[in-house]
Number of protein chains: 2
Amino acid sequence: MGKVRAWAAMGPRQPLQPFEFDPGPLPAGQVEVAVEHCGLCHSDLSLRDDAWGMSRFPLVPGHEAIGTLVAVGEGVRGLRPGQRVGVGWNAHSCQHCETCLDGRQHLCASVRPTLIGRHGAFAERVRVDALWAVPLPEGLDPAEAGPLLCGGITVFAPLRELAIPPTARVAVVGIGGLGHLALAFSRAWGCEVTAITSSPAKVAEALDLGAHQAVCSEDRSALKRLSGRFDLILVTANASLDWNALLGALAPEGRLHVVGAVPEPIPVPAFALISGQKSVSGSPTGSRGALAQMLAFAARHRILPRNEHFPMSQVNAALEHLAAGRARYRVVLDADFT
Amino acid sequence: MGKVRAWAAMGPRQPLQPFEFDPGPLPAGQVEVAVEHCGLCHSDLSLRDDAWGMSRFPLVPGHEAIGTLVAVGEGVRGLRPGQRVGVGWNAHSCQHCETCLDGRQHLCASVRPTLIGRHGAFAERVRVDALWAVPLPEGLDPAEAGPLLCGGITVFAPLRELAIPPTARVAVVGIGGLGHLALAFSRAWGCEVTAITSSPAKVAEALDLGAHQAVCSEDRSALKRLSGRFDLILVTANASLDWNALLGALAPEGRLHVVGAVPEPIPVPAFALISGQKSVSGSPTGSRGALAQMLAFAARHRILPRNEHFPMSQVNAALEHLAAGRARYRVVLDADFT
């Protein structure tokens, strides 16, 4: 199939530019996906800027792809060319360690993302281990489903992994790309859902997105009234927050769960954990099983991200739109290589 | 029955002295226990010294009592005079809130300890709500069982509450009054047990106490070899520790659980939680159901604290022994009012 056209940053904080590479023969165990749509995630931006010191250039971002299988490597079972699949954050896991064999592939010590050390999905085609190409169920619009593969699984996985019961009171902190999906998933999960946003403008929007109630985190008295209320507080913001207030808003046995890239260590007083039997925790995306369950759950409950679309050739404008905090709520790039 | 003789501190950091009080008529719903033995817990010391700013004087410490029911208040069901019971940290919970009705009485917002605002068990007799007098099962030596009621439940409850499976790898940090019971309980729970102690002298002892292996926390290379190993690290020490090393010693989905009164906020980097799907948590003692299960489990597995005995009249010597870090591993006072 020859060379792959893509969009790549040639160095930190550089705009993406057209980039071609020869992917070579398809290795055994991998599949190749013709990208139709790809979500734009905040971590694409962080990697373009090398904010985490782990980027390798040329960097082809993109890890929320929906596309069609065009090639299947030797030894791959259960997938066939022509199938529509999703590709998310992870592209490789070892498949033979205790963690992988136990179905926790996203926690494998050798897990590798789709866009570090290989080329991501702002491209005509992308390659991943067969495991990480997840068949898209019927009823999920391929043009809109992309952000479920990273943003969606990141906020769905805690509900599943922590066995949150539908009787729980859930708060979602930060109503953006992750947070708006967290509202939808926890609402469909059966929970009582509260949105906590720093943006007064989003209070009303949050109700429309699935929250039963919404409060502005700048309103200290509103936060105080929520003291002792929540079984789960899901932090999707990548900012420093009023951690003591959030710990105080947990019910007995409550859990503060972080999925946003909070920049500084969270100071957790032991007594705040001990007296109410509380937890502070975090999680990355999700296992292969969780991804498939999440897509099926989203299809059944008609959960899709609210997307703004850009042609992939406008990727730099899309990145600036996201960086400026203007995305409402997720951005999807539609492949337009011609 | 008239006045109660006891040992009380009349002010912060004062030695205990003989003290008599009139308990008045026995209120409905309460029971009165003639104290035979009472464990000495580090929190008795902290309260004598008003280290937590919540002590009220005269303070009669003591909250790990074994004794015999001598009176049963109006409305009490299921208990009868003559029964041998244990009394632990809690003496009162409201019994009508959602948390109580759900069997989580130790997390009730109105839960009250046995020795704050009422008189504890370094006394001839002690009173608690009937709920908090737990019948002692056959096969537990009354002279030795006392410390199970606070120290024991504190380290048993996490195994139950967190649903730790017997396949888990458990590390116990701090091998003292709590830690030596944690080794015994987690060993009987079926887990692989590692002791982590700051005292080289305790490395060998820990093996005798139930650990499969023991390491000295001063040995950095030994700690490094344990990287990624533990499903549960139970911190029983009330000291600041090398938190980053401990978080690094957790396996994927591992949990650092604190039951010791760690003096300063634990700095928890979000990435350390997210990438390995880890938790940091804490818990106080346990519910009424957990207390009963713990005693039955201890009886079945022949788990008892290793105690040093002092006559209760030597309580000040016993307190100094504990404060000096010389207790091996728990102190029990035998009532000797004559």
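Not measured: the values here are computed from a predicted model.

## With respect to the sheet that holds strand E11 (residues 192–197) of chain B
The mixed open sheet is built from twelve strands, whose spatial order is E12(A)-E11(A)-E10(A)-E13(A)-E14(A)-E16(A)-E16(B)-E14(B)-E13(B)-E10(B)-E11(B)-E12(B). Looking at which strands have only one partner, the edges of the open sheet turn out to be strand E12 (213–216) of chain A together with strand E12 (213–216) of chain B. Each strand of the sheet is rotated relative to its neighbour by a mean of 20 degrees, with strand direction disregarded.

## A look at unusual backbone geometry
Across the junction of Arg 328 of chain A and Tyr 329 of chain A, the peptide omega takes the value -5 degrees, indicating a cis bond. Residue placement: Tyr 329 of chain A occurs in the loop between helix H10 (315–323) and strand E18 (330–334). The phi angle at Glu 253 of chain A is positive, at roughly 65 degrees, despite the residue not being glycine. For Glu 253 of chain A, the position within the fold is in strand E14 (residues 250–258). Backbone geometry places Gln 95 of chain B, a non-glycine residue, at a positive phi of 70 degrees. Among the structural elements, Gln 95 of chain B can be located in the loop between strand E6 (90–92) and helix H2 (98–101). Among the residues examined, Gln 95 of chain B registers a relative accessible area of 31% and is labelled partly exposed.

## Digging into the confidence of the model for chain A
Across chain A, the average pLDDT comes to 96, with 100% of residues at or above 70. For this predicted complex, the interface confidence score (ipTM) comes to 0.92, while the overall pTM stands at 0.95.

## A short note on the domain arrangement of chain A
Residues and elements named next belong to chain A. If you check the domain split of chain A, you get domain 1 (4–150 + 286–334) and domain 2 (152–282). Centre-to-centre, using C-alpha coordinates, domain 1 lies 27 Å away from domain 2. Counting residues at the interface gives 24 residues for domain 1, matched by 23 residues for domain 2. Of all residues in domain 1, Phe 297, Arg 306 and Tyr 329 bury the most surface against domain 2, accounting for 32% of the area lost on that side. Here domain 1 is connected to domain 2 by two salt bridges. Arg 104 serves as the salt-bridge partner of Glu 161, at 2.3 Å between the closest nitrogen and oxygen. Remark: the boundary between domain 1 and domain 2 carries eleven residue pairs in polar contact (both at pLDDT 80 or more). No other element matches the seven residues that helix H9 (residues 288–300) contributes to the side of domain 1 that touches domain 2.

Cut-offs and rules
- Numbers given to residues run from 1 along each chain, matching the order in which its sequence is written.
- Ligands are numbered from 1 and chains lettered from A, in the order in which they are written.
- The predicted nature of this model means local features are confined to residues of pLDDT at least 70 and side-chain atom pairs, given and counted, to a pLDDT of 80 or more, with totals for whole chains, interfaces and linings taken over all residues.
- As a rule here, side-chain values cover all heavy atoms of the structure and leave hydrogens and water aside.
- A pair of strands counts as paired when DSSP detects no fewer than two bridges linking them.
- Only DSSP runs of H or I covering at least 4 residues are called helices, and only runs of E covering at least 2 are called strands; the numbering of each starts at the N terminus.
- Every angle, taken between N-to-C directions, lies between 0 and 180 degrees, and every axis is a line fitted to C-alpha atoms, over only the stretch in contact when it is a helix.
- For every residue, the accessible area obtained with a 1.4 Å probe (protein chains only) is divided by the maximum for its type, and the residue is called buried under 20%, exposed over 50%, and partly exposed between those limits.
- A score from 0 to 100, pLDDT tells how confident the predictor is in each residue.
- Note that the domain bounds reflect an automated or database-derived domain assignment.
- A contact between two residues is defined here by any heavy atoms of the two lying within 4.5 Å.
- A simple way to read buried area is as the amount of 1.4 Å-probe accessible surface that goes missing from two parts once joined, with both sides added.
- Here a salt bridge means any side-chain nitrogen of Lys or Arg lying within 4 Å of a carboxyl oxygen belonging to Asp or Glu.
- Polar contact is the term for a pair of N or O atoms within 3.5 Å; when the atoms are in protein, one must be able to donate a hydrogen and the other to accept it, and sequence-neighboring residues count only if both atoms are side-chain atoms.

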